[in-house]
Every structure is written in C-alpha cells, then in structure tokens.
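Summary of structural features
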Amino acid sequence: MLTTPVLFILFNRPGHTQRVFEQIRAVKPKHLFISADGPRAGVDADHENCRKSRSLVLENIDWDCQVKTLFREFNLGCGVAPAGAITWFFEHVEEGIILEDDCLPCPFFFEFCSELLTHYKGNERVMHIGGDNFQEGNKRGEASYYFSAYNHNWGWATWRRCWDKFEYSITDFNRTALSLNLESYGFNRRERNFWIDIFEKINEKQPKDIWDYQWVYAIWKNSGFSILPNENLVINIGFGSDATHTKLAPNRFQPMKYGKMDKLVHPGRIRLDEVADHFTFRNHFHIRDSLYRRLKNKLVLNSYVRMLYERAKKLRA
C-alpha cells in the first residue's frame, strides 16, 4: 500500500480516466483525493462524460483507503480548477503526488516520488519532483535523476511548504528581480528575455486557462530546484480532438515511452544541470516563427512541443 497521498484530477474523459486510475489502483494509496471540474456550459456531452469519469473512480476503489472528493458543479476551466484542486489537496496533507487524467505513470513513478519526497523533505531549495524526461536519450549524470530549473508536470509531487508559495495571479512581478534569479540558474540573455516576456504578459492579462506557468514562477521567484528523472516515468495520453491544448497526436517523432528504472541512485550533490536546461529551452520552448511555419504543414513537430509553442506565443502576443 502506498502511504504517500495522491491527488487525481479529472474532468470529462472517462477512457483516459480509467487508464490512469488503474495505475493508481495498482499501488493502493492509503489516502486518495479526487478532484473533478464541472461540465462546461453549452456542451451537452460534458454532463454524461463528467458523471462517467467520476463514477469510474468512485465505484472501483476496492481497497482500504481514505477518500476525499472535490467535485465542481460548474466548470472553472483548465487553469483555475487544477490550481484550486492542488491548493485543496495541500490543505489536508504535507506532501503528495499529483496526477491529471491524461498523465499515465509507470508503476515505479510512485516509488520514485515517495522516496524523494522523504529524502528532500527538509531541503527548502528542492521544490518539485517531476516524472517526465524530455532529454531525448541524453543521460544527465550517473544518478537516477538530475536537478533542473524546469519543472515538468505531467506527473509530479511536492510539499505543502512549496505550494504555499504559489499564487494564481502574478501580482508581484518584477523584471529586475526575476532576471537576477534566472541569471543565477545560468540562463543566458535570450533565455531570460524569453521568460521575462511571458511572465510580464501573464501579469498584464491574468489568463484563466493556465496554472503551470504560475507554478514555474513560484519556483523561480524562490530560487527553487526541480528534480527530473533520467528515464521517463510518465507518458501523456491526452493528445486528440477532445484535448484542450493538444489536438494533434505526435507524428514524425515517436510518442514518449517509459524508460526503465528499478532503483534510485542519488547524485552526490545538489547542482543544476545547465547543459540539460539549455537543451530543454532550445528543443521544447524556443521555437522560432520561421521554423514553425516551415514545419507546420508537414506535421513534424511533436505535439507537446507545439502546445508549448502555441501557449508561449499566445502569452507573448
């Protein structure tokens, strides 16, 4: 039985919900939190799909566990709803694992998060434990994971002490202060300007459909580090016509696959891998308009990369 609390965030995709829940069910968490956004106004199919998604989970909890639910009657959207769910989660627990209904973890993901939550519990610098690896086969160091400025969140874990620093509305944005923090991570001028521009636009527009950029900001504002595995532990099954942000499935690039990790090997010291972070920026965030136009019609961009590009482009517009 998994003793680390788990938050499962779902909405209106019962098929995806069932697949992810089966992985949760396999580890039998002692404490299971379930949050579900409400149906969207004017979308008739949402009512039945939201009901099915909730029922699939509640009717198949066949082990001894404490269950708490946060089921919204009306739709809050893909920014406010997840952020509110995570805040609710940490009102009840000190640490925990967060999974959304399109993030399918391998079995070792839960052990990975649980052990690292314990290992770094008292380290204020470590703020995020991610289950994703986007290094495209490049291993960073000899340990099972490395430290990054970036916090991927297809499946992840953190502590209340960290989430308490999260603010949905970035009201204290300061270009100079953020630039200094980003410089301390080893970001070059292009990287710093890219991110400062995005957070400036978030501060101005206060968008209601994102929460993950604000989590990035909370970590960077507090000079935090993220842990990322050297093998991928979570795949995203949410690509498709019913997705909010990623309508097209991966094509030329193969879909993300699970890596293999049987045990944890800790690095000798806590140090950011700047080479890995520069690689992440170049390959997953900073896509030039000319490149995008040249490749778009050929559909050779990975859908995850396309999602990041579109969202960044929207924020910078």
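As a reminder, the structure under discussion sits directly above these lines.
The residue numbering used here restarts from 1 in each chain and proceeds along that chain's sequence as written. Under the rules for a predicted model, residues below a pLDDT of 70 receive no local features and side-chain atom pairs below 80 are neither given nor counted, while totals for whole chains, interfaces and linings still include all residues. With hydrogens and water excluded, all non-hydrogen atoms of the structure serve as input to the side-chain values.

1. What to know about the pattern of salt bridges
Whenever Lys or Arg places a side-chain nitrogen within 4 Å of a carboxyl oxygen from Asp or Glu, that contact is recorded as a salt bridge. The full count for this structure, using the stated rule, is 11 salt bridges. Measuring nitrogen to oxygen at the nearest pair gives 3.4 Å for the salt bridge that ties Asp102 to Arg13. Of this pair, Asp102 sits in the loop between strand S4 (95-100) and strand S5 (103-105) while Arg13 sits in the loop between strand S1 (6-10) and helix H1 (14-27), and the two are 89 residues apart along the sequence. By relative accessible area, Arg13 is classed as buried at 11%. As a salt-bridge pair, Asp172 and Lys221 come within 2.3 Å of each other at their nearest N and O atoms. Taken together, the positions of Asp172 in the loop between helix H5 (160-163) and helix H6 (175-184) and Lys221 in helix H8 (residues 212-221) put the pair 49 residues apart, joining distant regions of the chain. Numbered from the N terminus, helices here are DSSP runs of H or I no shorter than four residues, and strands are runs of E no shorter than two. Each residue's exposure class comes from its accessible area (1.4 Å probe, protein chains only) as a fraction of the maximum for that residue type: buried when under 20%, exposed when over 50%, partly exposed otherwise.

2. Here we look at helix H7 (residues 189-205)
Across its 17 residues, H7 extends 24 Å between first and last C-alpha, which sits within 8% of the 24 Å expected from 1.5 Å per residue. Pairs of N or O atoms are called polar contacts if they sit within 3.5 Å, as long as, within protein, a hydrogen donor faces a hydrogen acceptor (for residues adjacent in sequence, only side-chain-to-side-chain pairs). A side-chain oxygen of the first residue of H7 lies 3.1 Å from the backbone nitrogen of Arg190; this N-cap is Asn188. Helix span, expected: 1.5 Å multiplied by one less than the number of residues in the helix.

3. Here we look at the sheet that holds strand S3 (residues 66-71)
Two pairing modes exist for strands in a sheet, parallel and antiparallel, and in both the strands are linked by backbone hydrogen bonds. Here, strands pair whenever DSSP counts at least two bridges between them. Strand order across the open sheet formed by eight strands is S3-S2-S1-S4-S8-S6-S9-S7, with mixed pairing between neighbours. One side of each edge strand has no neighbouring strand; the edge strands of this open sheet are S3 and strand S7 (145-148). The average angle at which neighbouring strand axes cross in this sheet is 20°, direction not considered. Bridging between strand S6 (residues 126-130) and strand S8 (residues 155-159) involves two bridges; their strand directions are antiparallel. Counted as the bridge partner of Gly130 is Trp156 from S8. Here a residue-residue contact requires only that any non-hydrogen atoms of the pair lie within 4.5 Å. Axis definition: a line fit to C-alpha positions, over the contact stretch in the case of helices; interaxial angles, taken between N-to-C directions, run 0 to 180 degrees. Across the face of the sheet, helix H2 (residues 44-58) comes into contact with S1, strand S2 (31-36) and S3 while running at roughly 155° to S1. Those strands touched by helix H4 (residues 108-119) are S4, S6, S7, S8 and strand S9 (225-229), and its axis lies near 150° from that of S4.

4. What about H2?
End to end, H2 covers 23 Å across 15 residues, agreeing with the expected 21 Å (1.5 Å per residue, within 8%). All of the buried residues along H2 are Asp46, Cys50, Ser53, Arg54, Ser55 and Val57.

5. What about the environment of His278?
As for its position among the elements, His278 is in helix H9 (residues 274-284). Setting aside chain neighbours within four positions, we find His278 in contact with Gly186, Phe187, Asn188 and Glu191. Reaching out from His278, the side chain makes a polar contact with the side chain of Glu191 at a distance of 2.8 Å.

6. With respect to the side chain of Ser144
Relative to the helices and strands, Ser144 is located in the loop between S6 and S7. Each residue touching Ser144, except ones within four places of it in the same chain, is listed here: Pro229, Asn230, Met261, Lys263, Leu264 and Val265.

7. A short note on unusual backbone geometry
When glycine is set aside, most residues are seen to have a negative phi, and most peptide bonds are trans. The phi dihedral of Lys28 falls on the positive side, at around 50°, and the residue is not glycine. Turning to its location among the elements, Lys28 is positioned in the loop between H1 and S2. The class of Lys28 is partly exposed, set by a relative accessible area of 36%. Unlike most non-glycine residues, Glu136 shows phi in positive territory, near 55°. The exposure class assigned to Glu136 is exposed, which follows from its relative accessible area of 54%.

8. Points about empty space enclosed by the protein
Using protein atoms alone on a 1 Å grid, points that fit a 1.4 Å probe yet trap it form a cavity, whereas open point sets bounded by protein on both sides within 12 Å along at least five of seven lines form a pocket; residues with an atom within 4 Å of a point count as lining. Grid points are joined across faces, edges and corners, and a volume is the space filled by probe spheres set on the points. Evaluated as defined, the whole model comprises one cavity of 30 Å³ or more. One number sums up the size of the largest cavity: a volume of about 50 Å³. Every residue lining the largest cavity is listed: Lys165, Glu167, Ile170, Asp172, Gln214, Tyr217, Ala218 and Lys221. Across the lining of the largest cavity, the residue classes break down as three nonpolar, one polar and four charged. Residue polarity is assigned by list, with Asp, Glu, Lys and Arg as charged and Ala, Val, Leu, Ile, Met, Phe, Trp, Tyr, Cys and Pro as nonpolar; anything else, Gly included, falls into the polar class.

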